[in-house]
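# Summary of structural features
Listed below are the residues making up each chain.
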Amino acid sequence: MSLVFTGIQKSYRDPSGKSFNVLGPMDLRVDTGEFLCLLGPTGCGKTTLLRILSGLEEPDSGNISLSSGRLGYVFQQGALFPWMTVEANVMFPLKATGVLESECRTRAAEILDLVGLHEFRKSFPHELSGGMQQRTALARGLVTEPDLLLLDEPFASLDTRTGINLQEMLRSICNRSSATVIFVTHNIEEAVFLADRIVVMGHRPGRIVRDELLDIKWPRNRLSSSFTEVLLSFRQTFEELVDPSVTLSS
Amino acid sequence: MDGLTPSRVKESGPWQKLSRILSGFILPALILALWYLLSDNTLLPGPGRALDVLSHPSRDLLSCGSLFWNTAVSLIRVLLGLFIAILLGTPLGFMMGASERFRRFSSVVTELARPLSPIALLPLSIIIFKDTSFTEVLGLDHLKYSRNILNELQVGMVFILAWGGVFPVILETMHGVRSVRKVYIEAARVLGAGRLFIFKHVLFPAALPDVFAGYRMAVGRCWMVIIAAEMLPGTNSGIGYLLRYSYQLSRLDVMLACILIIAVIGFIFSRGLEYAGEKWLILRSRER
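The paragraphs below set out a description of the structure included in this document. (Residues numbered from 1 in each chain as written. Chains lettered and ligands numbered in written order. Predicted model: local features only at pLDDT ≥ 70, side-chain atom pairs only at ≥ 80, totals over all residues.)

For chain B, the count of helices and strands is 12 helices and 0 strands. Taken along its principal axes, the extent of the C-alpha atoms in chain B is 75 × 60 × 35 Å. Each of the 288 residues in chain B was classed as buried or not, and the buried ones make up 34%. Sequence separation of 24 or more characterises 71% of the internal contacts of chain B that already satisfy a separation of 6 or more. (Helix = DSSP H or I, 4+ residues; strand = E, 2+ residues; numbered from the N terminus. Buried ≥ 20, exposed ≤ 12 C-beta atoms within 10 Å, placed from the backbone. Contact = placed C-beta atoms within 7 Å.)

Shown next as structure tokens:
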């Protein structure tokens, strides 16, 4: 599914009633099957952009054109339904769209196998580790075989090793599908490992400061010179972006 | 999950178990002993005489029926009132929780009515409902002069019980709905769920622990209200009535027996519902 948006802009009012611009106006075009990482410091409007794309929020102005298709969404930690088992959580998007019970079960079983949670399907989220919870969240986002998959810092609360495992799992699943992926993160290494293309956003207002296709071969090795080179260059962009005086005041 | 959670009690031999169970009974035993020491045969009968009354639950007392009968009358009044309170309060609470407009619309009335003790409404409800019982409401007039539980279910009594129970149900339900985490609703929305589906599978289960807490509060309140209401004019049956009547006739052994029954039933209500709530695991959604 390809995706074009033009002139997207969003502002909020702070408690004193003053309106401030969090996003744009910005333009972006994402091609079908592309794995795009939106990289930016906290508060740069990347989550807002994702919420606009998913329809949770309306932009103040601008146009989004999406070819029609299924949407998958993976939230940060803590968005699983705690009163449902892992399996019921994963089946939720299918049931919500009226898929038959028996088909829900087979498809949930397939995706749970894929993320390695088959034997935990009857567990409840609070009985699982953080990594397993986010694997469940991934499965819930992927179970509908979405054409557009949106991920909002899904691994931000995990420890580094678990995060790396899940990045590898996500990327290998996405390689086998034709889904367009937009992955929001503030972790540079994560973005450089995952993405076909990285869009770096700056804040106040949210805007694009760098947009680049990555030319690192698969499978990516985090210790290879090409990887560290790209990582360093993005780190530099980041340093320039994050003016210390700005981060302190926010 | 039980295999994963380490047992909280380190040693659980039969003796430790027994001593843990017994430790809860030390205080009641002391109170019983104190009661025994303070009792005399004129003013305050000892525990033995109250127990004697309790051990014959189906014996007619003071010609107003047995302990069993009067307890049953009070219980059925409470359950009926509670049933109505739940039936009305739950949907109202959901509506007030879900709709800002409906909450504003009804808030003044609920805020005024809530602190108003149901007992304060007893005279009014007698004026409105007279002594109409459910026998008459259901048109079963031929039962009117026989001993039938329907004769003892006065509409006015049930009304004040429903009044007493409905506000905890409304307020806790509303609170439950309002405190459902926004991310659950949003997650459901982006995963493709419609409004009705979200209500049934997200909002309702997420609010359920609070709704259930409301029911528990309502049972407790109704049980307090019925005892007080039965001690006032408007009825001649029920455990509260027996309590007051035995006091008037100076049958303090019967009175003390009534007090014990009221306490034990109150205890069973609160503990039983707590246990049931955890047993059914609807309280799982507390993890939020």
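Moving on, there is more to tell.
Now for the pairing of strand β3 (residues 35-39) of chain A. All names here are of chain A. Where burial is concerned, most of β3 is hidden: 5 out of the 5 residues are buried. Across the two faces of β3 the burial is the same, with Phe-35, Cys-37 and Leu-39 and Leu-36 and Leu-38 all buried. Looking at chain direction, β3 and strand β7 (residues 180-185) are connected through 5 bridges and run parallel. Each residue of the ladder has a partner; that of Leu-39, found in β7, is Thr-185. The sheet contact formed by β3 and strand β8 (residues 197-202) spans 4 bridges and is parallel. Considered in β8, the bridge of Cys-37 is made with Ile-198. (Pairing = 2+ DSSP bridges.)

By the burial criterion, the buried members of helix α9 (residues 182-190) of chain B are B:Tyr184, B:Ala187, B:Ala188 and B:Val190. Where α9(B) is buried, its residues contact α1 (46-54), β5 (71-74) and α2 (86-96) of chain A together with α10 (195-230) of chain B. Within two residues after α9(B), B:Gly192 carries a phi angle of roughly 100°, on the positive side.

Another aspect to go through is unusual backbone geometry. All names here are of chain A. Of note, the phi angle at Glu-145 is positive, near 50°, even though the residue is not glycine. Its place among the elements puts Glu-145 in the loop between α4 (130-142) and β6 (148-152). Although it is not a glycine, Glu-153 adopts a positive phi angle of roughly 40°. Of note, Glu-153 is situated in the loop between β6 and α5 (160-175). Look at Glu-153 and you get buried, because 20 C-beta atoms sit within 10 Å.

Residues and elements named next belong to chain B. The first and last C-alpha atoms of helix α8 (residues 155-178) sit 34 Å apart over 24 residues, in line with the 34 Å expected at 1.5 Å per residue. In α8, a bend of some 25° at Gly-165 exceeds every other bend along the element, and Pro-168, a proline, comes one to four places later. By the criterion of burial, α8 is predominantly enclosed, with 21 of the 24 residues buried. (Expected span 1.5 Å × (residues − 1). Bend = angle between axes of the 7 residues up to and from the residue.)

Every contact between the two is made by 17 residues of chain A and, on the other side, 19 residues of chain B. Listed by contribution, the elements that provide at least two residues to the side of chain A that touches chain B are β5 and α2 of chain A. Top contributing element to the side of chain A that touches chain B by residue count: α2(A), with 3 residues.

Residues and elements named next belong to chain B. The contact between α9 and α10 brings their axes to 11 Å, and the two run at 165°. Relative to α10, the element α9 is oriented roughly antiparallel. You can see that α9 and α10 cross each other, and the crossing is right-handed. Here Tyr-184, Ile-185 and Ala-188 of α9 come into contact with α10, specifically with Ile-198, Val-202 and Ala-206. Looking at the contact of α9 with α10, its residues break down into 6 nonpolar, no polar and no charged. (Axes fitted to C-alpha atoms, helices over the stretch in contact; angles between N-to-C directions. Parallel < 35°, antiparallel > 145°, perpendicular 65-115°, else oblique. Left-handed = near helix turned anticlockwise from the far one by under 90°. Nonpolar A, V, L, I, M, F, W, Y, C, P; charged D, E, K, R; others polar.)

Residues and elements named next belong to chain A. Taken in spatial order, the 6 strands make up an open sheet running β5-β6-β7-β3-β8-β9, and their pairing is mixed. Edge strands, defined here as strands with exactly one partner in the open sheet, are β5 and β9 (207-213). Put simply, the sheet's adjacent strands are angled 15° from each other on average, direction ignored. When β5 meets β6, the two strands line up parallel, connected through 4 bridges. Bridge pairing in β6 links Gly-72 to Leu-149. Here helix α7 (residues 225-241) sits on the sheet and contacts β8 and β9; the angle it forms with β8, its principal contact strand, is near 10°.

A packed helix pair is summarised by two numbers, namely the angle formed by the two axes and the spacing between the axes. Residue and element names in this part refer to chain A. The geometry of α2 relative to α4 is characterised by a closest axis approach of 7 Å and an angle of 30° between their N-to-C directions. The angle between the axes of α2 and α4 places the two elements in the roughly parallel class. For the pair α2 and α4, the sense of crossing is right-handed. Contact residues: α2 offers Val-86, Asn-89, Val-90, Phe-92 and Pro-93, while α4 offers Thr-136, Ala-139 and Arg-140. The residue inventory of the contact of α2 with α4, partitioned by class, reads 5 nonpolar, 2 polar and 1 charged.

The side chains of a regular strand alternate between both faces of the sheet. Residue and element names in this part refer to chain A. In terms of burial, strand β4 (residues 61-66) is largely open, as just 0 of its 6 residues are buried. Where strand β1 (residues 3-13) meets β4, 5 bridges bridge the pair, whose relative direction is antiparallel. Of the residues in β4, the one forming a bridge with Thr-6 is Asn-63.

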